[in-house]
Amino acid sequence: DVQLQASGGGLVQAGTSLRLSCAVSGFTSDDYAIAWFRQNPGGVREPVSCISNAGSVLVDSVKDRFATSSDSTKNTVYLQLNRLKAEDTAAYYCAAETAYQCSTLSWYYPGVYRNWGRGTEVTVSS
C-alpha cells in the first residue's frame, strides 16, 4: 500500500525559505503522480504542485517562488518554498496516485488522489 509522510514545516519569517519533504513508500507502478496541496487558515484547499516520473508543474500563483523535485534514492519528494509570504501560511499535504503522470491526470483536483499524507504546518510571520 502507498504511504506518505510529510515533514519540514515550521514557523518562519517572511522572505525566508523552507524545504518540505514527502517520504513515499509502497509504489507498485512505473507511473506515478505526487502532488502538494495546501489548506489555509480559512479552510480553503488549493493545489500547489505535481511531480511525476515525466516532469513537474506548479500553479501560476507560486511557480516563481516554489519548486518541486524528487530524490529516487531516498524515495522522497520535496517542495522548496522560497521568499515566503504571510499568505503562504497553511497546512501542506502531499498526495499520490499511481498509474498516472501529472500530464495525464487532472492533478489539481484533490479527488483524483487515493493516498494522502498528514499535513505539515507552515506559518509565516511578517
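In case you missed it, the structure is sitting above this.
Residues numbered from 1 in each chain as written. Predicted model: local features only at pLDDT ≥ 70, side-chain atom pairs only at ≥ 80, totals over all residues. Heavy atoms only, no water.

Re the sheet that holds strand 7 (residues 66-71)
Strand order in the open sheet formed by 4 strands is 1-3-8-7, and the pairing between neighbours is antiparallel. Both edges of this open sheet fall to strand 1 (3-7) and strand 7, since each of them pairs with a single strand only. Between one strand and the next, the sheet's axes are offset by a mean angle of 15°, whatever the strand orientation. Sheet topology note: the strand 1/strand 3 (residues 18-25) ladder contains 5 bridges and is antiparallel. Looking across to strand 3, one finds that S7 is bridged to S21. (Pairing = 2+ DSSP bridges. Helix = DSSP H or I, 4+ residues; strand = E, 2+ residues; numbered from the N terminus. Axes fitted to C-alpha atoms, helices over the stretch in contact; angles between N-to-C directions.)

Focus on the pattern of salt bridges
On inspection of all chains with the given rule, the structure shows 5 salt bridges. Taking the shortest distance from any N to any O, the salt bridge between R38 and D88 comes out at 2.9 Å. Of this pair, R38 sits in strand 4 (residues 32-39) while D88 sits in the loop between strand 8 (76-81) and strand 9 (90-98), placing them 50 residues apart in sequence. Take D88: its relative accessible area is 1%, and that puts it in the buried class. The residue K63 makes a salt bridge to D60 at a minimum N-O spacing of 3.2 Å. Its relative accessible area of 52% is what places K63 among the exposed residues. In this structure, a network of salt bridges that share partners links the residues R38, E46, R65 and D88. (Salt bridge = Lys/Arg side-chain N within 4 Å of Asp/Glu carboxyl O. Buried < 20%, exposed > 50% of the residue type's maximum accessible area, 1.4 Å probe, protein only.)

The quantities given are spatial measurements derived from coordinates; they are silent on function.
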